Amino acid sequence: MNMRNIVEIELAEIYASDNQVLLAEIATQLEPELATIAEFFYNELLQIPETTLILKHHIVQKNLPSALMQWIRVLLIPPQTADIQNLIKYQESIGSIHANVNVSPSFFAHGVGILKKEIYRRLEQFIAERERLFTALTLLERLFDIVSMIIAGSYFSSEIRHETNELSLKMKGVTQNTAIECERLRTLLLDWLRNMLTLLHQSQTLDPSALPKLQYSNFGLWVTYKADLISHTLNVSDDLKKQIMEIDDALFEAAKHRVAGETTQFFSAVEHLNETVTKTSWFISSLVDRMIEIDSGMDVLTRLFNRRYLETILRRQTDISIKQGFPYAVLIIDMDHFKQTNDQYGHENGDRVLKNFAELLMLNIRASDFIFRFGGEEFLIVLGNVGPDEAMKIAEKIRNRCETHEFKLSGGLSINHTCSIGIGLHDGHPDYNRVIRQADAAMYAAKKRGRNQTVLMMDPVDP
């Protein structure tokens, strides 16, 4: 007998016919109190800083009390024997949702404790007969224990899957071609230095506090979003973050001496700035040999990530968005009339187009962004630290480049292709799946409007 069989037997005993009258009485007594219990539960969890980050979102504020009330109602309604499986699946879905929004099991256990305390306190007022009260409380305790176990099991299954994928992601590296990526990063870093040196030497007015820090540059965003995913064996993220802080400090010192007219100190500070950037550039170059050993492909055709890693990336993006205030966007891109391309030119040429389009995407995103082959001729891009205007600008750049690009086929043939793009924006809600649904709905809206369009979905597609 496996654990699921044991859970089914336990629930069947809890909902046995001799308990159904008591459960109905409990449900009747609690119904007028559910809204007050839900409000108390919500306010208690708001006292915890870690849960406040999740609960303060307006949609969570709106939906959590009613969802909690419904959860309690469902528990108190005895299911038919055939429905116990559905009850278990319902509890498992709750565990998966808690894992998706990164709610710690300790917070969930604390929340269940709050509910039990409030429910038990009210039942003591409603049920006068002590023996019947004891039976009611014992029954509810068993019920809460068993569903908590189901939820916790589902939560940890989701967490194990997530951790396994993240570990695999770190082992595979973050790009299709490690050497090219590292060279691209060095270029970003040196471009930033060149721009800063121009500002330091040529600006008529200089405000040290207003200089564009490396931390917020494309290079800095790459470190924020991708550096700790390079490999679980390299651990380069902390080193790069320290080097970025050192470079930004050196920039500030140089600007301060320039403003103060301290020429000798200024040139010394500029030399130090050059040295710190050179050290970081060398550090990035040294990664190539170590990373090349663990860098491997994901999607066989396009060398992009596949959907396996999407949950891992979006969980991290959402966590960064909530904790650090860096919003993100999701683009879903579908190549228009791609079936016609396959039918007219053959699947081999269709694959050429997909591979070429993947390369086009790589050339038109930032170092900190992620690209996935979402399925078939659909692609998904995660853009970090963007608002609606910047997301639209990037999406339109991709659409325009696709429209004007010549896709090379076998036999010297070339064709043009268009794409439709939907944009979803993360608005602080802990469930990242809403952003995907938003982008997907926007992409289909672009299709309906005639294709070769970009649609930004500003409103959520679900309550």
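Since we're looking at a predicted model, the values are computed, not measured.

What counts and what doesn't
Residues numbered from 1 in each chain as written. Predicted model: local features only at pLDDT ≥ 70, side-chain atom pairs only at ≥ 80, totals over all residues. Heavy atoms only, no water. Helix = DSSP H or I, 4+ residues; strand = E, 2+ residues; numbered from the N terminus. Buried < 20%, exposed > 50% of the residue type's maximum accessible area, 1.4 Å probe, protein only. Contact = heavy atoms within 4.5 Å. Expected span 1.5 Å × (residues − 1). Arc of directions from axis to C-beta. Phe/Tyr/Trp six-rings, centres within 6.5 Å; stacked < 30°, edge-to-face > 60°. Lys NZ or Arg CZ within 6 Å of the ring centre and 35° of its normal. Core = buried A, V, L, I, M, F, W, Y, C linked by side-chain atoms within 4.5 Å. Patch = residues over 30% accessible without salt bridge, like charges linked within 9 Å, V, L, I, M, F, W, Y side chains within 5 Å. Areas by Shrake-Rupley, 256 points an atom, 1.4 Å probe, with all protein chains shown as cover. Salt bridge = Lys/Arg side-chain N within 4 Å of Asp/Glu carboxyl O. Pairing = 2+ DSSP bridges. Axes fitted to C-alpha atoms, helices over the stretch in contact; angles between N-to-C directions. pLDDT = per-residue confidence, 0-100. Parallel < 35°, antiparallel > 145°, perpendicular 65-115°, else oblique. Left-handed = near helix turned anticlockwise from the far one by under 90°. Nonpolar A, V, L, I, M, F, W, Y, C, P; charged D, E, K, R; others polar. Polar contact = N/O pair within 3.5 Å; in protein donor to acceptor, adjacent residues only side chain to side chain.

Colleague: Honestly, the overall build of the protein in this entry has me stumped. Any pointers?
Modeller: The helix and strand tally for the protein stands at 17 helices and seven strands. Judged by the C-alpha coordinates and their principal axes, the protein covers about 85 × 65 × 40 Å. The buried share among the 463 residues of the protein stands at 49%. Contacts in the protein between residues at least 24 apart in sequence constitute 75% of all its contacts with a sequence separation of at least 6.

Colleague: Help me out: how do you make sense of helix α2 (residues 17-30) in this one?
Modeller: The terminal C-alpha atoms of α2, which comprises 14 residues, lie 20 Å apart, in line with the 20 Å expected from a rise of 1.5 Å per residue. Within α2, the full set of buried residues consists of Asn19, Leu22, Leu23, Ile26 and Leu30. All buried residues of α2 fall inside an arc of 105° around its axis, so they share one side. For α2, the exposed residues set more than 90 degrees away from the buried face come down to Ser17, Val21 and Thr28.

Colleague: Teacher, can you tell me more about the packing of aromatic side chains here?
Modeller: The description of an aromatic ring pair rests on the distance of the ring centres and on the angle between the ring planes. Within this structure, the stated rule accounts for six aromatic pairs. Between the aromatic rings of Phe305 and Phe372, the centroid separation amounts to 5.6 Å while the plane-to-plane angle is 40°, which identifies the pairing as tilted. With Phe305 in the loop between α12 (263-292) and α13 (310-324) and Phe372 in strand β2 (residues 370-375), this pair connects stretches of sequence that are 67 residues apart. Residue classification places Phe305 among the buried residues on the basis of a relative accessible area of 4%. Taking the relative accessible area as the measure of exposure, Phe372 reaches 0% and is therefore buried. Connected via pairs of aromatic rings, a cluster forms that spans Phe305, Tyr309, Phe370 and Phe372. Above the plane of the ring of Phe370 lies Lys226, whose end atom (NZ or CZ) is 4.7 Å from the centre. The ring of Phe374 has Arg307 sitting right over it, with the charged end atom 4.0 Å from the ring centre.

Colleague: For this particular structure, what's the right way to read the nonpolar core?
Modeller: Note on soluble globular proteins: their nonpolar side chains tend to be buried together. Core analysis: the largest hydrophobic core is formed by 46 residues, its most contacted members being Leu11, Trp71, Ile119 and Leu123. In terms of residue count, helix α8 (residues 130-172) provides more of this core than any other element does, 11 residues in total. Residue contacts for Leu123: discarding those within four places in its chain leaves Ile26, Leu30, Leu133, Leu137 and Leu140. Ranked by size, the runner-up nonpolar core spans 32 residues in total, among them Leu193, Phe219, Ala227 and Leu240.

Colleague: What is the right way to read a nonpolar patch on the surface from this model?
Modeller: A grouping of Met1, Met3, Ile6, Ile9 and Met149 is seen on the molecular surface, where their side chains present a nonpolar patch of about 500 Å² in accessible area. Turning to its location among the elements, Met149 is positioned in helix α8.

Colleague: How should I be thinking about the sheet that holds strand β6 (residues 419-425) in this particular structure?
Modeller: Strand pairs in the sheet, formed through backbone hydrogen bonds, run parallel or antiparallel to each other. As summarised here, the arrangement of the five strands in space is β2-β3-β1-β6-β7, forming an open sheet in which the pairing is mixed. If you trace the sheet from one side to the other, it starts and ends with β2 and β7 (454-457), each paired once. The sheet shows a mean angle of 20° between the axes of neighbouring strands, taken without regard to direction. Inspection of the sheet shows β6 paired to β7 by four bridges, in the parallel sense. Counted as the bridge partner of Ile421 is Thr454 from β7.

Colleague: I would appreciate a short explanation of the pattern of salt bridges in the present structure.
Modeller: Opposite charge on two side chains lets them pair, provided their charged atoms get close. Evaluated as defined, the whole model comprises 23 salt bridges. With a shortest N-O distance of 2.8 Å, Arg366 and Asp369 are connected by a salt bridge. Like Arg366, the residue Asp369 is buried in the burial classification.

Colleague: Honestly, unusual backbone geometry in this entry has me stumped. Any pointers?
Modeller: In this structure, His337 is a non-glycine residue whose phi angle is positive, near 50°. Secondary-structure assignment places His337 in the loop between β1 (328-335) and α14 (338-345). A relative accessible area of 42% means that His337 is categorised as partly exposed. Positioned with a positive phi, Asn385 is a non-glycine residue whose angle comes to about 55°. Along the chain, Asn385 falls in the loop between β3 (378-384) and α16 (388-404).

Colleague: When you look at the confidence of the model for the protein in this model, what are you seeing that I'm missing?
Modeller: Low pLDDT marks regions whose predicted coordinates should not be analysed in detail. Residues at a pLDDT of 70 or more form 91% of the protein, whose mean pLDDT is 87. Segment residues 292-297 is flagged for pLDDT under 50; beyond a separation of four residues in sequence, or across chains, it makes 17 contacts in the model.

Colleague: Can you help me understand the environment of Ala439 in this one?
Modeller: Residue position: Ala439 is located in helix α17 (residues 433-448). Of the residues examined, Ala439 reaches a relative accessible area of 0% and is grouped as buried. For the pair Ala439 and Lys355, spaced 84 residues apart in the sequence, the C-alpha separation amounts to 23 Å. Leave out the neighbours within four places in its chain, and Ala439 touches Val330, Ile332, Gly422, Ile423 and Gly424.

Colleague: How should the pairing of β2 be read in this particular structure?
Modeller: The side chains of a regular strand alternate between both faces of the sheet. Burial analysis of β2 places five of its six residues in the buried class, the great majority of the element. In the sheet, β2 pairs with β3 via five bridges, with the strands oriented antiparallel. Along β3, the bridge assignment pairs Gly375 with Glu378. The hairpin formed by β2 and β3 contains two residues between the paired strands, and Gly376 there has a positive phi angle of roughly 60°.

Colleague: Could you clarify how one ought to interpret the packing of helix α1 (residues 3-14) against helix α6 (residues 84-100) in this entry?
Modeller: Geometry of a packed helix pair, given as the angle between the helix axes and the separation of the axes. With their axes 10 Å apart at the nearest point, α1 and α6 run at an angle of 115° to one another. Taken together, the axes of α1 and α6 lie roughly perpendicular to each other. Where α1 crosses over α6, the two elements pack in a sense that is right-handed. In this structure, α1 uses Arg4, Val7, Glu8, Leu11 and Ala12 to contact α6, whose residues at the interface are Ile84, Gln85, Leu87, Ile88, Lys89 and Glu92. Classifying every residue of the contact of α1 with α6 gives six nonpolar, one polar and four charged.

Colleague: Quick question: what am I supposed to make of the side chain of Arg399 here?
Modeller: Locating Arg399 in the fold gives a position in helix α16. According to the relative accessible area criterion, Arg399 is buried, its value standing at 10%. Among the polar contacts listed, one links the side chain of Arg399 to the side chain of Glu396, at a separation of 2.7 Å. Beyond its immediate stretch of four places on either side in the chain, Arg399 contacts Cys419, Ile421, Asn452, Gln453 and Thr454.

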